[in-house]
Amino acid sequence: MKIIAVANQKGGVGKTTTSVNLGCALAEAGLRILIIDLDPQGNATSSFGLQELEGESLYDPLLGGVSITEKILPTRVDRVFIVPADLDLAGVEVEIARMENHLTRLADTLAPLRADDTFDFVLLDCPPSLGILMTNALAAADELLTPIQCEYFALEGLVKIVRIIEQVRDSGANDRLEIGGIVMTMFDSRTNLSTQVVADVREHFGARVYDTVIPRTVRLSEAPSFGKSILEYDSNGTGARAYRALAKEFVQRHESRDSTPPL
Ligand SMILES: Nc1ncnc2c1ncn2[C@@H]1O[C@H](COP(=O)(O)OP(=O)(O)O)[C@@H](O)[C@H]1O
Ligand SMILES: [Mg+2]
């Protein structure tokens, strides 16, 4: 089992869209996926057509009340499970901050999942901030998957993330953390800007950047309101094809992981 933090401190870059659709595409390929909604906004939760349910989130497990295994719910997609978010999660940061092991609370919470081998990948859909939940996600993760929107300042944002990773490593909370992959999102083939941004990011981050680029398509933004992944909502469209291609590349990379040097 591998834990992947889908993280970028910026909001609106495609973290949730990628967690949900990459997760479903991996499941379509036969892998067993757990998505953990770490954002109190609960966008991943509602993308599966699930209502926010009071008490159904990582809140209690994070505070040591119950095991995470009791908060795992099935979704309507085969092999995709979720730990939903609720608004309580917004308050958990304050509570965790008071705890002694405040950097590794999430890692400790996920430990039972590492022990039993129910899932192939756990995707942490991170909130858009540098708060305690995000740092906990980085401390718990085997690697980082960072969606970057094809727009100005993409590189600046990435430089920040690299610095944060270094801080987490230096803190001793997770010395094996690395950028596992960068996925360019909302690519608009009609603009030179998109093409330029992808070229710049590739120049700096080389093989870390997935070959697959996610196009901007209104279908991807519509799907969540129907509680469906793009694979179900528009199965043959460009969005679904892109996320299937990303899943394929993701699997290939994880089969030959040892050959990629850490960043
Ligand atoms: N490739 C895309 N094309 C069009 N809209 C997208 C695409 N990816 C995400 N969106 C939309 O952009 C908004 C932000 O995406 P989201 O995945 O929620 O970002 P984040 O989780 O990083 O805040 C959402 O409304 C989403 O539906
Ligand atoms: Mg989100």
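Residues numbered from 1 in each chain as written. Chains lettered and ligands numbered in written order. Predicted model: local features only at pLDDT ≥ 70, side-chain atom pairs only at ≥ 80, totals over all residues. Heavy atoms only, no water.

**Q** Quick question: what am I supposed to make of the pairing of strand β6 (residues 143-149) here?
**A** Regular strands place side chains that alternate from one sheet face to the opposite one. Taking burial as the measure, the 7 residues of β6 include 7 buried ones, the bulk of the element. Side chains Glu 143, Leu 145, Pro 147 and Gln 149 of β6 all project onto a buried face; the interleaved residues Leu 144, Thr 146 and Ile 148 project onto the opposite face, where all are buried too. Pairing of strand β1 (residues 2-6) with β6 involves 3 bridges; the strand directions are parallel. Following the sheet pairing, Ala 5 is matched in β6 by Leu 144. With helix α7 (residues 154-170) bridging β6 and the parallel strand β7 (residues 179-185), this β-α-β connection has right-handed handedness. (Buried < 20%, exposed > 50% of the residue type's maximum accessible area, 1.4 Å probe, protein only. Helix = DSSP H or I, 4+ residues; strand = E, 2+ residues; numbered from the N terminus. Pairing = 2+ DSSP bridges. Right-handed = clockwise from strand over helix to strand, strands pointing away.)

**Q** What's the story with the sheet that holds strand β2 (residues 33-37) in this structure? I'm lost.
**A** Hydrogen bonding along the main chain pairs the strands of a sheet, whether they run parallel or antiparallel. Sheet architecture is open: 7 strands sit in the order β3-β4-β2-β5-β1-β6-β7, paired in mixed fashion. Looking at the sheet topology across the chains shown, the edges are occupied by β3 (73-74) and β7. Across 4 bridges, the pairing between β2 and strand β4 (residues 80-83) is parallel. When the sheet's bridge partners are listed, Ile 35 is paired in β4 with Ile 82. Contacting β6 and β7, α7 crosses the sheet at an angle of about 165° to β6. (Contact = heavy atoms within 4.5 Å. Axes fitted to C-alpha atoms, helices over the stretch in contact; angles between N-to-C directions.)

**Q** Hey, could you run me through the pattern of salt bridges in this one?
**A** Any two side chains of opposite charge can pair, given that their charged atoms come close. Considering all chains together, one arrives at 10 salt bridges under this definition. Among the ionic pairs, Glu 28 bridges to Arg 244, the shortest N-O distance being 2.6 Å. Taken together, the positions of Glu 28 in helix α1 (residues 15-28) and Arg 244 in helix α11 (residues 238-255) put the pair 216 residues apart, joining distant regions of the chain. Given a relative accessible area of 45%, Glu 28 falls into the partly exposed group. Residue Arg 244 is classed as partly exposed on the basis of its relative accessible area, which comes to 24%. For Asp 142, the salt bridge is made with Arg 176, and the minimal N-O distance between the two is 3.2 Å. Here Asp 142 is found in the loop between α6 (132-140) and β6, whereas its partner Arg 176 is found in the loop between α7 and β7, with 34 residues between them in sequence. Residue classification places Asp 142 among the buried positions, given a relative accessible area of 13%. In the salt-bridge network here, residues are joined through shared partners; they are Arg 114, Asp 142 and Arg 176. (Salt bridge = Lys/Arg side-chain N within 4 Å of Asp/Glu carboxyl O.)

**Q** What am I meant to see in the site of ligand 1 here?
**A** Around ligand 1, the surrounding shell holds 14 residues, and the nearest of these are Gly 12, Lys 15, Thr 16, Thr 17 and Pro 215. Here Val 13 contributes a backbone N or O atom positioned 3.1 Å from an oxygen atom of ligand 1. Contact distances for ligand 1 include 2.5 Å between an oxygen atom and a side-chain N or O atom of Thr 17. Here ligand 1 has 550 Å² of accessible area as a free molecule, and 79% of this is covered by the chains. Listing elements by their share of the shell around ligand 1, those giving two or more residues are α1 and α9 (218-222). The leading source of residues in the shell around ligand 1 is α1, at 3 residues. When its residues are assigned to classes, the shell around ligand 1 shows 5 nonpolar, 7 polar and 2 charged. (Near = heavy atom within 4 Å. Polar contact = N/O pair within 3.5 Å; in protein donor to acceptor, adjacent residues only side chain to side chain. Areas by Shrake-Rupley, 256 points an atom, 1.4 Å probe, with all protein chains shown as cover. Nonpolar A, V, L, I, M, F, W, Y, C, P; charged D, E, K, R; others polar.)

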